[in-house]
Amino acid sequence: MNKKSRTRNSMMNFTAGMANQTLQIVLKVICRTVFVATLGKSFLGINGIFSDVLSMLSLTELGLAPAINFKLYKPLAENDKERIQVLMKFYRTAYRVIGLAILIIGLCLIPFLPALIKDYDRCAVLGINPVIIYLLFLGKSVMSYWFFAYRSAILKADQKRFLTEISDMISVVVINVVQIVLLLSGCSFLTYTIVAIAGIFIRNLIDFIFAEKGYHYAFVKTDKSMDKAEIKDMFKDVGALFVNKFNAVAIKATDNLVLSAFIGLDIVGVYSNYLLLFHNIKEVISKMYKATHASMGNLFTSADDKKKIEFFETMNFVSIILYGTAAVGMFVCADELLTVWLGEEYVLPQPFSMLIGIEILFSGIKANLNQIRTVSGLFRQKWMRPVLGIFINVVSSIILVFPLGIYGVILGTIMADVFANFCVDPSIIYKYAFNGEKKVGGYYLTNFLYFGILALTGLADWLICTHVFVGHGWYSLFVHIIITGLSVPLVYSVIFGRTRRYKYLLGIVKSLFKRKSGSKK
């Protein structure tokens, strides 16, 4: 696939992803506002706890999806239909087994629910049966692996992620609108949860239609199967991916679990609003990475090491600007946003939002490193590194939660990302993906410079926004968002405008706008 095709597909994926995420943010904010007004913060805590418990169960996928997608790149590029059929057959069987495993393991966890929720007995006072709610969340998780769920893999691997974004948009609109109407009509938390399950089925059904229409040949029954040696080799990659996925899920899930076990449901409910902002910001930016993932996989199969390095360092620069802007915005504007949106009782004092901002920054750096590792097929190199991250997160969170409360839990998460990802992954990438073409030391020195500039910019924004045009509600918030949204890109453009990576990035942006303008003509 040539550069023009990769760029076009990436642009389509990014546009659809951004439209999807914008729609989701609007609907989720409206739905969260109605939820808080009708049910309250305790139900927010319950919703967060069960979501995290079930997100841990999704680990039974063992990182299979990235491994299968990686194997699909080549046969899709070569139009090897027979090979694609074999891979999709294996994927279908694996997802059925995974769904069954989640169901069995989930049922076995029911007796341990009282230990996971400090205010377990309070659920009866709130008029809900926690076991029934848990079973509904379990059904939602199982549904995400059954009912044609595996078919979306071929759409993503063939740079057609925009189709899965469309199916996601449709399901999100249907579910959120129905949930909002039901909440305003006085429905129970039980009914609210039941409706969410339907969204998974709708999304899977639409993905099935898209995949069947464009890739019918991929799902034709075949007698051929992956040989045992290949399956064994692939599961070595899957094992390494599982540890990475366990790290990604466990680090965030354990935050809520530690808070619930040691502090209580109400603090989880308050924290969940910051978490909503955190996830929405991350998802908006990650759409760019998801949009380019398959194109990057195609590029990294043919490019030389120098071109890979140039691309990686440019993407790192982009990550710092995007996630750095998000980090400063969270630090400066999150408390103000929650105050005018939900009220002061849903705000945690500084430096909480600053810590969340730092967490956003390092999660973005980790996302870029993980993507490069995945498209380079670096699944096994130092694969136990995520275990270190989980250990640091769990131990430090439990130790720090007693003297520092919720602040200590977030510090534990930041420490895990820094020591287990930022300090290790770059050396793996420079050694194996770039074959030692360049030393990794330059990467660290450059990023420390980026961090210093970002810290000074964030401090300046905070001083400005806490003293200029304050006390005017949504109007003040809007002005402050504009200030923080423009300051980081502007500062980096002034300082690094003459560098090669900035010009490389500017060239990509210009080519996209030229192509978009040409298509309109």
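Preceding block: the structure.
This is a predicted model, so every value here is computed, not measured.

Draft legend 1. Spotlight on the environment of glycine 458. Assignment of secondary structure puts glycine 458 in helix α18 (residues 441-465). Using a relative accessible area of 5% as the deciding quantity, one classes glycine 458 as buried. Taking C-alpha positions, glycine 458 is 8.7 Å from serine 487, a pair spaced 29 residues apart along the chain. Sequence-distant contacts of glycine 458, defined by excluding residues within four places in its chain, comprise Val328, Phe331 and Val332.

Draft legend 2. Highlighting helix α9 (residues 161-184). Relative to the 34 Å expected for 24 residues at 1.5 Å per residue, α9 spans 34 Å between its end C-alpha atoms, a close match to the ideal helical length. Following α9 by one or two positions, glycine 186 has its phi on the positive side, about 90°.

Draft legend 3. Structural detail: a nonpolar patch on the surface. Taken together, the side chains of Ile464, Val468, Phe469, Tyr475, Phe478, Val479, Ile482 and Leu486 define a hydrophobic patch exposed on the protein surface, amounting to about 780 Å² of accessible area. If one sorts the elements of the nonpolar patch by residue count, helix α19 (residues 474-496) sits on top with 5 residues. Tracing the chain through its elements places leucine 486 in helix α19. The class for leucine 486 is exposed, based on a relative accessible area of 55%.

Draft legend 4. View of the packing of aromatic side chains. In this structure the tally under the stated criterion is 27 aromatic pairs. On the basis of an interplanar angle of 55° and a centroid distance of 6.0 Å, the ring pair of tyrosine 450 and tyrosine 492 is categorised as tilted. Pair noted here: tyrosine 450 is in helix α18 and tyrosine 492 is in helix α19, with a separation of 42 residues, a long-range link. Note on accessibility: tyrosine 450 and tyrosine 492 belong to one class, buried. Three or more aromatic residues link up through ring pairs in this structure, and these residues are Phe312, Phe362, Phe422, Tyr430, Phe434, Tyr443, Tyr444, Phe448 and Phe451. Taking the ring centre of tyrosine 217 as reference, the NZ or CZ of lysine 81 above it sits at 5.0 Å.

Draft legend 5. Up close: the nonpolar core. In terms of nonpolar packing, the biggest core is built from 60 residues, with Ile365 and Tyr492 touching the most fellow members. The set of elements that each furnish at least two residues to this core consists of α12 (265-300), α13 (305-341), α14 (352-375), α16 (406-422), α17 (425-433), α18 and α19. At 16 residues, α13 tops the list of elements feeding residues into this core. Apart from residues lying up to four places away in sequence, tyrosine 492 is in contact with Phe317, Ile320, Ile321, Tyr450, Ile453, Leu454 and Gly497. Ranked by size, the runner-up nonpolar core spans 31 residues in total, among them Ile84, Ile102, Ala218 and Met226.

Draft legend 6. Spotlight on unusual backbone geometry. A cis amide bond links glutamine 350 with the next residue in sequence, proline 351, at an omega value of 15°. With respect to the secondary-structure elements, proline 351 resides in the loop between α13 and α14. For phenylalanine 469, which is not glycine, the phi dihedral falls at a positive 50°. Position of phenylalanine 469 among the secondary structure elements: in the loop between α18 and α19. Note on phenylalanine 469: relative accessible area 37%, which makes it partly exposed.

Draft legend 7. Region of the structure containing the pattern of salt bridges. The tally for this structure, following the rule as stated, stands at 3 salt bridges. For glutamate 313, the salt bridge identified is with lysine 438, shortest N-O distance 2.9 Å. Note that glutamate 313 is positioned in helix α13 and lysine 438 in the loop between α17 and α18, a separation of 125 residues in sequence. By relative accessible area, which is 11% here, glutamate 313 ends up buried. A salt bridge links aspartate 417 to lysine 366, with the nearest nitrogen and oxygen atoms 3.0 Å apart.

Draft legend 8. Here's a closer look at the packing of α13 against α18. Look at α13 against α18: their axes get within 10 Å of each other, and the N-to-C directions meet at 25°. Between α13 and α18, the angle falls in the class roughly parallel. Crossing of α13 against α18: the hand is right-handed. Contact with α13, carried on its side by Phe312, Asn316, Phe317, Ile320, Gly324, Val328, Phe331 and Val332, involves Tyr443, Asn447, Tyr450, Phe451, Leu454, Gly458, Asp461, Trp462 and Cys465 of α18 and no other residues of that element. Along the lines of polarity and charge, the residues of the contact of α13 with α18 split into 12 nonpolar, 4 polar and 1 charged.

Quick notes on the rules
- Residues numbered from 1 in each chain as written.
- Predicted model: local features only at pLDDT ≥ 70, side-chain atom pairs only at ≥ 80, totals over all residues.
- Heavy atoms only, no water.
- Helix = DSSP H or I, 4+ residues; strand = E, 2+ residues; numbered from the N terminus.
- Buried < 20%, exposed > 50% of the residue type's maximum accessible area, 1.4 Å probe, protein only.
- Contact = heavy atoms within 4.5 Å.
- Expected span 1.5 Å × (residues − 1).
- Patch = residues over 30% accessible without salt bridge, like charges linked within 9 Å, V, L, I, M, F, W, Y side chains within 5 Å.
- Areas by Shrake-Rupley, 256 points an atom, 1.4 Å probe, with all protein chains shown as cover.
- Salt bridge = Lys/Arg side-chain N within 4 Å of Asp/Glu carboxyl O.
- Phe/Tyr/Trp six-rings, centres within 6.5 Å; stacked < 30°, edge-to-face > 60°.
- Lys NZ or Arg CZ within 6 Å of the ring centre and 35° of its normal.
- Core = buried A, V, L, I, M, F, W, Y, C linked by side-chain atoms within 4.5 Å.
- Axes fitted to C-alpha atoms, helices over the stretch in contact; angles between N-to-C directions.
- Parallel < 35°, antiparallel > 145°, perpendicular 65-115°, else oblique.
- Left-handed = near helix turned anticlockwise from the far one by under 90°.
- Nonpolar A, V, L, I, M, F, W, Y, C, P; charged D, E, K, R; others polar.

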